[in-house]
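Structural overview for review
Below are the chains, spelled out letter by letter.
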Amino acid sequence: MTVLIDPPRWPAHGRLWAHLVSDVSYAELHAFAERFEIPSRGFDHDHYDVPDQRYDELVAGGAVPVDSRELLRRITAAGLRQPRRDRRPVN
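An account of the accompanying structure is given in this report. (Residues numbered from 1 in each chain as written. Predicted model: local features only at pLDDT ≥ 70, side-chain atom pairs only at ≥ 80, totals over all residues. Heavy atoms only, no water.)

**Some remarks on the pattern of salt bridges**
The line we're drawing: In the sections that follow, a salt bridge refers to a side-chain nitrogen of Lys or Arg positioned within 4 Å of a carboxyl oxygen of Asp or Glu. Every helix listed is a DSSP run of H or I at least four residues long, and every strand listed is a run of E at least two residues long, numbered separately from the N terminus. For every residue, the accessible area (1.4 Å probe, protein chains only) is compared with the maximum for its type, and the residue is labelled buried under 20%, exposed over 50%, or partly exposed between those bounds.
Throughout the structure, instances matching the rule amount to five salt bridges. In this structure, the salt-bridge partner of D23 is R74, at a minimum N-O distance of 2.8 Å. A residue pair is termed long-range when its members are at least 10 positions apart, and D23 in the loop between β3 (15–22) and α1 (26–35) and R74 in helix α3 (residues 68–77) qualify at 51 residues. The exposure class of D23 is buried, given its relative accessible area of 17%. Two residues, R81 and D46, come together in a salt bridge whose shortest N-O distance is 2.9 Å. Of this pair, R81 sits in the segment after α3 while D46 sits in the loop between α1 and β4 (48–51), and the two are 35 residues apart along the sequence. We classify R81 as partly exposed; its relative accessible area is 31%.

Structure representation (structure tokens):
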């Protein structure tokens, strides 16, 4: 199981956000998110957006902290990255 999280440095809605991904499967990612009660609305095509105040809890729960470049490299290598141009609009 390899769930990865990058540092919370992405600003939106008055707070900072981190990205939570799996470099194994979306099933693994969704199971991890469910275990920590991360709302499904936080899923954005290939990752979950999680607020900065959840970062320490998720790392303590098994998410591996990596920098943003490493996170992107790992999900791309695993074939799980969905480039923006390939994303279907969410209704």
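**A word on the environment of L58**
To keep things clear, this is the line we draw: Whether two residues are in contact is decided by their heavy atoms, any of which lying within 4.5 Å being enough.
With respect to the element layout, L58 can be found in helix α2 (residues 55–60). Sequence separation of L58 and F36 is 22 residues, and the distance between their C-alpha atoms is 7.7 Å. Beyond its immediate stretch of four places on either side in the chain, L58 contacts I5, F32, F36, I38, V50 and A63.

**Examining α1**
The condition is simple: It is the directions from the helix axis to the C-beta atoms whose arc is reported.
Those residues of α1 not exposed but buried are E28, L29, F32 and A33. Buried residues of α1 fall within an arc of 130 degrees about the axis and therefore sit on the same side. Opposite the buried face of α1, at more than 90 degrees from it, the exposed residues are A27, E34 and R35. Elements that come into contact with the buried residues of α1 comprise β1 (3–5), β3, β4 and α2. Looking at the residues trailing α1, positive phi occurs at E37, about 55 degrees.

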